[in-house]
Amino acid sequence: MMNNIQRVHLMGIGGAGMSALAKLLKAHGLNVSGCDLREPHYDLGSISCSTGHNPDHIDKLKPEALILSSAVSHENPEVIRAIEKGIEIFSRADALSWLFNKSYGIGIAGTHGKTTTTSMTGLIFLKSNLNPTVYVGANVPDIGSNAVSGDGKYFIAELDESDGTFELFSPSIAIITNSDWDHVDHYPTRKAVIEAFTRYADGRKENGTLIVCAEDEGASKVYEMCDKSRGRIIRYGWGKNFDWGAYDVNTNHGGGISCRVSHEGHEIGNLELSVSGEHNIMNALAAISSAHLCGISFDESSQILKSFHGSERRMQVKGITQSNVLVMDDYAHHPSEIRATLKAVKSIYPERRLVVVYQPHRFTRTAMFASDIANALSNADEVYLLPVYSAGEKEVLHSSSDEIIKLSENRISPLTFDDAVEILKSALKSDDLLLTMGAGDVYSIGEKILRDNV
């Protein structure tokens, strides 16, 4: 669909997924430009980026195709101008799948954990000198970017299920880390999510491999429903009863986790991670199993993963203040993610009082999961709640942060960005751990606390 196109313009180029796509398209030989409402958070190299959306971009740049972030409406004047001029309109997934489906693709999908799993997989293949192309929805310090364009045969990509467009991809190896109910604006029921992941699994290339987490209820249902004749299926989980298994887990004080690993029922060796949390052991097993399929030994993969320090905004240590307040940040915004993050943080810093600043993400998610979010947040010692980050949604009934506060059995205090720093300065005590959490711009509060050196 894009084979004869040379000039593309990306609207919303400053985001994680769009900036990574822009870099890959440029490396593919296309003339790439873009625009965004804000200054890009991600490095775009030599790609030109205009601030703001304006129909004049279409007249000046004369793109042959316009690629839209999911946050950009077709009613945007710049999009309307492109349509009037007969310019092709594509989504991010349209363009990414055009690149991906021509390759030996390793697609990582899942409601949670796909960014970390993609980062781990990409690092293993890069360090094994296989020169892969890698596409991740976050900056990965160990890789140095959110995108790498390699000349090897493998294309490793994080695939987004939020709007169903991951079904456009046809991987040679399809990974499903989990299948939880989320994105209720697109998936009205749990069943709809399972069906979409099943179609993704069955859309892999002929004789392709499906790698699926056996510990996740939703992913297990996908395994039960998928077409077993499509190709090989590998399952991973706890114990020795799966193709890949982990057991004898040890959490390190101050960070890191280790375990023993089995392959096809036999002990194969130790896995030591610098990142924390049992969920990251599962992510590592998914990465290791895909690497093993491509000829990378467990010993090599496990050695490489020792040096993996995580992706940006995934249990990221931001710094420490003069009063020894440790500041961390995490992208968690779904109840399952909140629970996993808080469990991991408390396990590695049990002596610190855990103070959480949480920013709910999207009105639809807040309305649907307010009770679960309140329950998940109860694992913190003290919680402050910001207004909902709308991500472009309109407010719906029972979707404000107040709903979470009402349903909480523990005390949760409302907070605004304007008063956050002053309130936290008074509330934080020496040796506390401040965790900012959410998919929006909540991370900026922790950065301000560090700048003020509380």
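Because the structure is a prediction, the values reported are computed rather than measured. Throughout, residues of each chain are indexed from 1 in the direction in which the sequence is written. Residues qualify for local features only when their pLDDT is at least 70, as the model is predicted, and side-chain atom pairs are given and counted only at 80 or more; totals for whole chains, interfaces and linings, by contrast, use all residues. Excluded from the side-chain calculations are hydrogens and water; all other atoms, namely the structure's heavy atoms, are used.

Participant: Is there a simple way to think about the overall build of the protein chain in this case?
Facilitator: Comment: elements are numbered from the N terminus, with helices defined as DSSP H or I runs of at least four residues and strands as E runs of at least two. Broken down by element type, the protein chain carries 14 helices and 21 strands. C-alpha atoms define the radius of gyration, and 2.2 Å times the number of residues to the power 0.38 defines the globule rule. Relative to a compact globule of 454 residues, whose C-alpha radius of gyration would be 22 Å, the protein chain shows 22 Å and is just as compact. For the protein chain, the spread of C-alpha atoms along the principal axes amounts to about 60 × 55 × 40 Å. Burial status across the protein chain gives 57% buried among its 454 residues. The contact criterion used throughout is that any non-hydrogen atoms of two residues lie within 4.5 Å. Long-range contacts, defined as pairs at least 24 residues apart, comprise 67% of the intrachain contacts of the protein chain with a sequence gap of at least 6. All accessible-area figures derive from a Shrake-Rupley calculation using a 1.4 Å probe, and residue coverage is judged against the displayed protein chains alone. When the accessible area of the protein chain is evaluated, it comes to approximately 18,500 Å², of which 45% is carbon and sulfur surface. Charge convention: Lys and Arg are scored as positive, Asp and Glu as negative, and His as well as the terminal groups of each chain are ignored. For this purpose, a charge sits on NZ of Lys, CZ of Arg, CG of Asp or CD of Glu. Separation of charge centres in the protein chain, based on 43 positive and 58 negative side chains, amounts to 2 Å. We call a residue buried when its accessible area falls under 20% of the maximum for its residue type, exposed when it is over 50%, and partly exposed in between, using a 1.4 Å probe and counting protein chains only.

Participant: Explain the pairing of strand β5 (residues 88-91) here, please?
Facilitator: Along any regular strand, the residues point their side chains to alternate faces of the sheet. Any two strands with at least two DSSP bridges between them are considered paired. Sheet analysis places strand β4 (residues 65-68) next to β5, joined by 4 bridges and oriented parallel. Bridge assignment links Ile 67 to a residue of β5, and that residue is Phe 90. If the strands point away from the viewer and the path from the first strand over the helix to the second runs clockwise, then the crossover is right-handed. Since β4 and β5 lie parallel, the crossover through helix α3 (residues 77-84) that links them has a hand, and here it is right-handed.

Participant: Please explain the pairing of strand β15 (residues 266-273) as it appears in this structure.
Facilitator: Here strand β14 (residues 257-263) runs beside β15; their pairing, made up of 7 bridges, is antiparallel. Paired with Arg 260 across the strands is Asn 270, a residue of β15. Where β14 folds back onto β15 in an antiparallel hairpin, the turn is made up of 2 residues, including Glu 264, whose phi is positive at roughly 55°.

Participant: Could you clarify how one ought to interpret the nonpolar core in this entry?
Facilitator: One recurring pattern in soluble globular proteins: nonpolar side chains tend to sit buried together. Of all hydrophobic cores here, the largest spans 77 residues; its most connected members are Val 8, Leu 10, Leu 25, Ile 67, Val 356 and Leu 377. Top element by residues in this core is helix α6 (residues 190-202). It accounts for 7 residues. The residues contacting Val 356, other than those within four sequence positions of it, are Leu 342, Leu 377, Ala 380, Glu 382, Val 383, Tyr 384, Leu 435 and Met 437. Counting 41 residues, the second largest nonpolar core, distinct from the first, contains Met 120, Ile 234, Ala 284 and Ile 304. To qualify as a nonpolar core, a set must consist of buried Ala, Val, Leu, Ile, Met, Phe, Trp, Tyr and Cys residues joined through side-chain atoms within 4.5 Å.

Participant: What exactly am I supposed to notice about the packing of aromatic side chains here?
Facilitator: Think of a pair of aromatic rings as described by two things: how far the centres are apart, and how the planes are tilted against each other in angle. To pair, rings of Phe, Tyr and Trp, with the six-membered ring standing in for Trp, must have centres within 6.5 Å; the planes then decide the type, stacked if under 30 degrees apart, edge-to-face if over 60, and tilted in the middle. Enumeration over the complete set of coordinates arrives at 8 aromatic pairs. When the centroid spacing of 5.5 Å and the interplanar angle of 75° are considered together, the rings of Phe 100 and Phe 169 count as edge-to-face. Taken as a pair, Phe 100 in helix α4 (residues 92-100) and Phe 169 in the loop between β9 (154-158) and β10 (173-176) lie far apart in primary sequence, 69 residues in all. Taken as a pair, Phe 100 and Phe 169 share a single burial class, namely buried. These aromatic residues form a ring-pair network of at least three members: Phe 100, Phe 155 and Phe 169. Distance and angle both matter: a charge sits over a ring if NZ of Lys or CZ of Arg is within 6 Å of the ring centre and within 35 degrees of the ring normal. Its end group placed over the ring of Trp 98, Lys 102 keeps NZ or CZ at 4.1 Å from the ring centre. The ring centre of Tyr 223 lies 4.2 Å from the NZ or CZ of Arg 235, which sits over that ring.

Participant: How should I be thinking about the sheet that holds strand β16 (residues 316-320) in this particular structure?
Facilitator: Hydrogen bonds between backbone atoms are what pair the strands of a sheet, whose relative direction is either parallel or antiparallel. The sheet built from 6 strands is open, its strands ordered β16-β17-β21-β18-β19-β20 with mixed pairing. This sheet does not close on itself; its edge strands, each paired only once, are β16 and β20 (412-414). In this sheet, adjacent strand axes meet at a mean angle of 20° when their direction is disregarded. Only the stretch in contact is used when fitting a helix axis, every axis being a line fitted to C-alpha atoms; angles between N-to-C directions are given from 0 to 180 degrees. On top of the sheet, helix α10 (residues 335-348) reaches β17 (326-330), β18 (354-358) and β21 (433-437); it is set at about 160° to β21, its chief contact. Across the sheet, helix α11 (residues 363-377) is in contact with β18, β19 (382-385), β20 and β21; its angle to β18 comes to roughly 155°.

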